[in-house]
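Fold and contact review
Chain by chain, the residues:
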Amino acid sequence: MFKILKKMELSPGVFHFDIEAPRVAKKALPGQFIVLRVNDEGERIPLTIADFDREKGSITIIFQVVGASTQLLSQREAGDSILDFVGPLGQPSHIEKGMGTIVCVGGGIGVAPVYPIARGMHEAGNKVISIMGAKSKDILIFEKEMRAVSDEVLVTTDDGSYGIKGFVTNALQQLVDRGEKIDQVTAIGPGIMMRSVVEATRPLGIKTIVSLNPIMVDGTGMCGGCRVQVGDETKFACVDGPEFDGHLVDFGSLMSRGRMYREQEAEEKDHVCRIGLGGEK
Amino acid sequence: MALSLEKHKMPEQDPKVRAHNFDEVALGYDEETAVAEANRCLNCKVPQCRKGCPVQVDIPAFISKIKEKDFDSAISIIKESNSLPAVCGRVCPQENQCEKHCVLGIKGEAVGIGRLERFAADCSMAKNEEIQPIQYAADAQKVAVIGAGPAGLSAAGDLAKKGYKVTIFEALHTAGGVLSYGIPEFRLPKDKVVQKEIENLEKLGVDIEVNSVAGRLFTIDELMEEEGFDAVFVGTGAGLPHFMGIPGENLNGVYSANEFLTRCNLMKAYDFPNHATPIHVGRNVAVVGGGNVAMDAARTSLRLGAEHVYIVYRRSEEELPARREEVHHAKEEGIDFRLLNNPVEVIGDEKGSVKELRCIRMELGEPDASGRRRPIPVKGSEFNLPVDTVIIAIGTGPNPIVASTTPGLDTTKRGNIAADEETGATSKPGVFAGGDIVTGAATVILAMGAGKKAAAAIDEYLKKKRS
């Protein structure tokens, strides 16, 4: 069992959990993920590591309630435990000194997994410019954390309630327009955002890394459910990734695969639980 | 009394009924039938059957005990060489092993050795006997086992009995490996058989740590240098599923058999939404491949509600690698075998979901490297099977995580860990390996045999290390 040390609701439906998992925390590196299971009937949920504290022995995860499983997780309180917590999984981000100027782009709750990468890049002495995108100011997360590890932060909101009105690609364009020499972009967020970033950097020839979070079961290479087309190869996000060269990723297939169980789960959402499990529907 | 040329029939669930439930298909012999079947054994002076058994169970001896109705002795004899008899009695391909060599097989059917093994194991399990934990010496040496599948469980059991303190590290949240995630409930009951075998191992004193991915949570070097393990056995199994590399394979509705079976067996997706993991089946399913895993996936699809399930296999019936009994059961349940057919493309609809599987007919040519006649496509014979789900069951390759994080551990060209066939010794001192990670995908019993041999070799190694 893995204890929840801390729980915060960052914005409606978006939660921050610190989970006690000292062995995982000892090994975790930026870019890696964990798989958790709330209870014996639960799904295995993959989540990218948002932070780790080796001294406290904790791993931070940030998640949004999107279905029954994340709903169930969100109902656990600090002091409760979850049944299974496995990691760190996947390849860590490539971070070293002398990589130059790195633009870290986080969209929505994608800011959380980009944070340890920005921090790692910053600690390695690289120049870090962060772009944080959200629908509006009140659901922007991790701003303070991102500012602490970035040389510069650009915020975009869809509704213009804070920072630049528009999308993360508008902020990226501003950097390009002012002549910023960008050596690498790391973008994490919804598929559609990552695709837009990749399409923006492709003509400029800027190396762009994306971190994918496809549907998976085991997270160790066994099921192949997380396969993604990268160039002319099929890769498994869990063992080959989760980070890939964004210019080679087939986002169409990736996003379509992400919708695989949507209908089935939507049907289930309409189901009214008679034994009080599902919470509010 | 004239000797029956045929085995005593195994009582089974009616095919029409069982195709819609996950209960075990074969119900097992009762005492009377078991004794009668045991009496078919001629107790040959030079028993051939043992030659076919990868763990050399003393088959004539245990069968003699069943004849005498001394079932306790029968199971003791089996357990001397086989730590998971209730599993092997159910899933071993006996027709290619022990029963292949039985002299009765020349004129009729071999003795039902597998069925008798299962009978003895089930009798013993039903008695629920106390297992005495091992009393370890204060300075007992420690062995780490990576992977709680057949190879690891068998190595762990043998090592514990020799007095070593064993910890098994399992990546998934449940021990058992393929016994838990792969082989379906209707062929190998999880609570009744698999979990019980695992519990027995724990009662013996073996520690099992689930949620522990070797190579990520710790390296093999760390286990040996920092955590005080004197030897390591790697039995991580056949990890990554192979796909065909044909167009459309990433469409929604295309599964690897590993994923499909894991969702159903390990995550209990058949009980969605009570269990939260979903699975997609649809009305028509095509399973590609002809091995046991393909049969399992096909029969699971049927039980999940598919109306029509095809097996698409590129060779002919004779080459089907599955156990004969599985093929027979699958046919009884109404699986539609499309032999000498090979998929060339998965065709999707506008939403990106599977709509059809395009296949081409094959014919058999000259024998290939495997000795089987090579299938050759018949030009212009393509046709489309209308299906909602395609399950690829054409085999698996080795998982790279342990090998890639263990310096000094040599692998073969295919990425399998290179290990001595007799001892499991690898290029790294103190590290042994066995099962599918060494041989490529094979059977439960071969993996168990490898675990057993490695346990003996580890014992030798540690004795030498100590002296």
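The following paragraphs examine the structure supplied in this document. Residue numbers run consecutively from 1 along every chain, following the written order of its sequence. All chains are assigned letters beginning with A, and all ligands numbers beginning with 1, in the order in which they are written. Since the coordinates come from a predicted model, pLDDT governs what is reported: local features require at least 70, and pairs of side-chain atoms require 80 or more to be given and counted, while whole-chain, interface and lining totals use all residues. No hydrogens and no water enter the side-chain calculation; it runs on all heavy atoms of the structure.

**Quick look at the overall build of chain A**
- The helix and strand tally for chain A stands at 9 helices and 17 strands.
- For the radius of gyration, the atoms used are the C-alpha atoms, and the globule rule reads 2.2 Å times the number of residues raised to 0.38. Taking 2.2 N^0.38 as the reference for a compact globule, 281 residues should give roughly 19 Å; the C-alpha atoms of chain A span a radius of gyration of 18 Å, in line with that estimate.
- Three exposure classes are used, based on accessible area relative to the maximum for each residue type with a 1.4 Å probe and protein chains only: buried under 20%, partly exposed in between, and exposed over 50%. For chain A, with 281 residues in total, the buried portion stands at 56%.
- Contact between two residues is taken to exist if any of their heavy atoms lie within 4.5 Å; hydrogens are not considered. Taking the contacts inside chain A whose residues are at least 6 apart along the sequence as the reference set, 64% of them involve residues at least 24 apart.
- Each accessible area value is a Shrake-Rupley result obtained with a 1.4 Å probe; residue values ignore everything except the protein chains displayed when judging cover. Accessible surface for chain A amounts to roughly 12,000 Å². Of this, 50% is attributable to carbon and sulfur atoms.
- Charge-centre separation for chain A: the mean point of 32 positive side chains lies 2 Å from the mean point of 38 negative side chains. Only runs of H or I of at least four residues qualify as helices and only runs of E of at least two qualify as strands under DSSP, and these elements are numbered from the N terminus. All tallies of charge rest on Lys and Arg as positive and Asp and Glu as negative; His and the ends of each chain are not included. To locate a charge, the coordinates of NZ of Lys, CZ of Arg, CG of Asp or CD of Glu are taken.

**Concerning the overall build of chain B**
- A count of helical and extended segments in chain B gives 18 helices and 16 strands.
- Expected size for 467 residues packed as a compact globule is a radius of gyration near 23 Å; at 23 Å, chain B falls within 12% of this value.
- Projected onto the principal axes, the alpha-carbon positions of chain B cover approximately 70 × 65 × 50 Å.
- The burial tally for chain B puts 58% of its 467 residues in the buried class.
- The contacts of chain B with a sequence gap of at least 6 include a subset with a gap of at least 24, amounting to 69%.
- Accessible surface for chain B amounts to roughly 19,400 Å². Of this, 49% is attributable to carbon and sulfur atoms.

**A look at the sheet that holds strand E9 (residues 336–339) of chain B**
Residues and elements named next belong to chain B.
- The strand order across the open sheet formed by 5 strands is E6-E14-E7-E8-E9, and the pairing between neighbours is parallel. The open sheet has two edge strands with one neighbour each: strand E6 (254–256) and E9. Averaged over all pairs of adjacent strands, the angle between strand axes in this sheet comes to 20°, irrespective of strand direction.
- Here, a strand pair is defined by DSSP locating no fewer than two bridges between the strands. As paired strands, strand E8 (residues 308–313) and E9 are joined by 4 bridges and run parallel to one another. Considered in E9, the bridge of tyrosine 310 is made with aspartate 336.
- Angles here are taken between N-to-C directions and fall from 0 to 180 degrees, while the axes themselves are lines fitted to C-alpha atoms, restricted in helices to the stretch in contact. Packed on one face of the sheet, helix H14 (residues 292–303) meets strand E7 (284–288), E8, E9 and strand E14 (389–392) and runs near 165° to E8.

**Thoughts on the packing of aromatic side chains**
- Only Phe, Tyr and Trp rings are paired, with Trp represented by its six-membered ring, and only when their centres lie within 6.5 Å; those with planes under 30 degrees apart are stacked, over 60 edge-to-face, the remainder tilted. What the rule picks out here adds up to 12 aromatic pairs over all chains.
- Plain terms: the ring middles of A:Phe15 and A:Phe63 are 5.7 Å apart, the flat faces sit at 20° to each other, and that makes the pair stacked. Here A:Phe63 lies in strand E6 (residues 58–64) and A:Phe15 lies in strand E2 (residues 14–20), a separation of 48 residues in the sequence.
- Overall, A:Phe15 belongs to the buried group, its relative accessible area being 8%.
- Exposure remark for A:Phe63: the relative accessible area of 1% places this residue in the buried category.
- Between the aromatic rings of B:Phe169 and B:Phe218, the centroid separation amounts to 4.7 Å while the plane-to-plane angle is 55°, which identifies the pairing as tilted. Residue B:Phe169 is located in strand E2 (residues 165–169), and its partner B:Phe218 is located in the loop between strand E3 (207–209) and helix H12 (220–225); the two are separated by 49 residues in the primary sequence.

**Brief notes about the interface of chain B and chain A**
- Contacts between the two partners involve 45 residues from chain B, matched on the other side by 45 residues from chain A.
- For the pair chain B and chain A, the summed buried surface comes to about 3,600 Å²; carbon and sulfur atoms form 52% of the total.
- What counts as a salt bridge is simple: a side-chain nitrogen of Lys or Arg found within 4 Å of a carboxyl oxygen of Asp or Glu. Where chain B touches chain A, the interface holds 3 salt bridges.
- Nitrogen and oxygen atoms within 3.5 Å of one another constitute a polar contact, given that in protein one can donate a hydrogen and the other can accept it, and given that sequence-neighbouring residues count only through two side-chain atoms. Our enumeration of links across chain B and chain A arrives at 17 residue pairs in polar contact (both at pLDDT 80 or more).
- Ranked by residues supplied to the side of chain B that touches chain A, first place goes to helix H13 (residues 257–266) of chain B with 4 residues. Here the quantity called buried area is the accessible surface, traced with a 1.4 Å probe, that two parts lose on coming together, added over both.

**Considerations on helix H11 (residues 190–204) of chain B**
Residues and elements named next belong to chain B.
- An expected span of 1.5 Å times one less than the residue number is assigned to each helix. Helix length check: H11, at 15 residues, gives a terminal C-alpha distance of 20 Å against a target of 21 Å (1.5 Å per residue), a fit within 8%.
- The angle between axes fitted to the seven residues ending at a residue and the seven residues starting there is what we call the bend at that residue. The largest bend along H11 measures about 35° and falls at lysine 196.
- Within the sequence span of H11, burial applies to Lys190, Val193, Val194, Glu197, Ile198, Asn200, Leu201 and Leu204.
- The inward-facing, buried residues of H11 contact helix H5 (85–91), helix H8 (113–127), helix H9 (150–161), E2, helix H10 (178–181) and E3.
- At the exit of H11 stands glycine 205, carrying a positive phi of roughly 120°.

**Here we look at the packing of helix H3 (residues 59–67) of chain B against helix H4 (residues 71–81) of chain B**
Residue and element names in this part refer to chain B.
- Where H3 contacts H4, the axes come no closer than 7 Å and their chain directions differ by 170°. Put simply, H3 runs roughly antiparallel to H4. Contacts from Ala61, Phe62, Lys65 and Ile66 of H3 reach H4 at Phe71, Ser73, Ala74, Ile77 and Ile78.
- When residues are grouped by polarity, Ala, Val, Leu, Ile, Met, Phe, Trp, Tyr, Cys and Pro land in nonpolar, Asp, Glu, Lys and Arg in charged, and all others, Gly among them, in polar. Of the residues that constitute the contact of H3 with H4, the class distribution is 7 nonpolar, 1 polar and 1 charged. Any angle from 65 to 115 degrees is called roughly perpendicular, while one under 35 is roughly parallel, one over 145 is roughly antiparallel, and all others are oblique.

**Looking at a negative patch on the surface**
- Judged by side-chain charge, B:Asp191, B:Glu199, B:Glu202 and B:Asp207 come together as a negatively charged surface patch.
- For the negative patch, the leading source of residues is H11(B), giving 3 residues. Residues forming no salt bridge and having over 30% relative accessible area are the ones grouped into patches, like charges within 9 Å of each other and nonpolar side chains (Val, Leu, Ile, Met, Phe, Trp, Tyr) within 5 Å.

**A word on the side chain of B:Lys190**
Residues and elements named next belong to chain B.
- Considering the arrangement of structural elements, one finds lysine 190 in helix H11.
- Among buried Asp, Glu, Lys and Arg side chains, lysine 190 stands out as unpaired, with glutamate 185 the closest opposite charge at 5.3 Å.
- Among the polar contacts made by the side chain of lysine 190, one reaches the main-chain carbonyl oxygen of leucine 188 at a distance of 3.0 Å.
- Those residues in contact with lysine 190 that lie beyond four places of it in its chain are Leu179, Ser180, Ile183, Pro184, Glu185 and Gln195.

What is shown is where atoms sit, not what they do.
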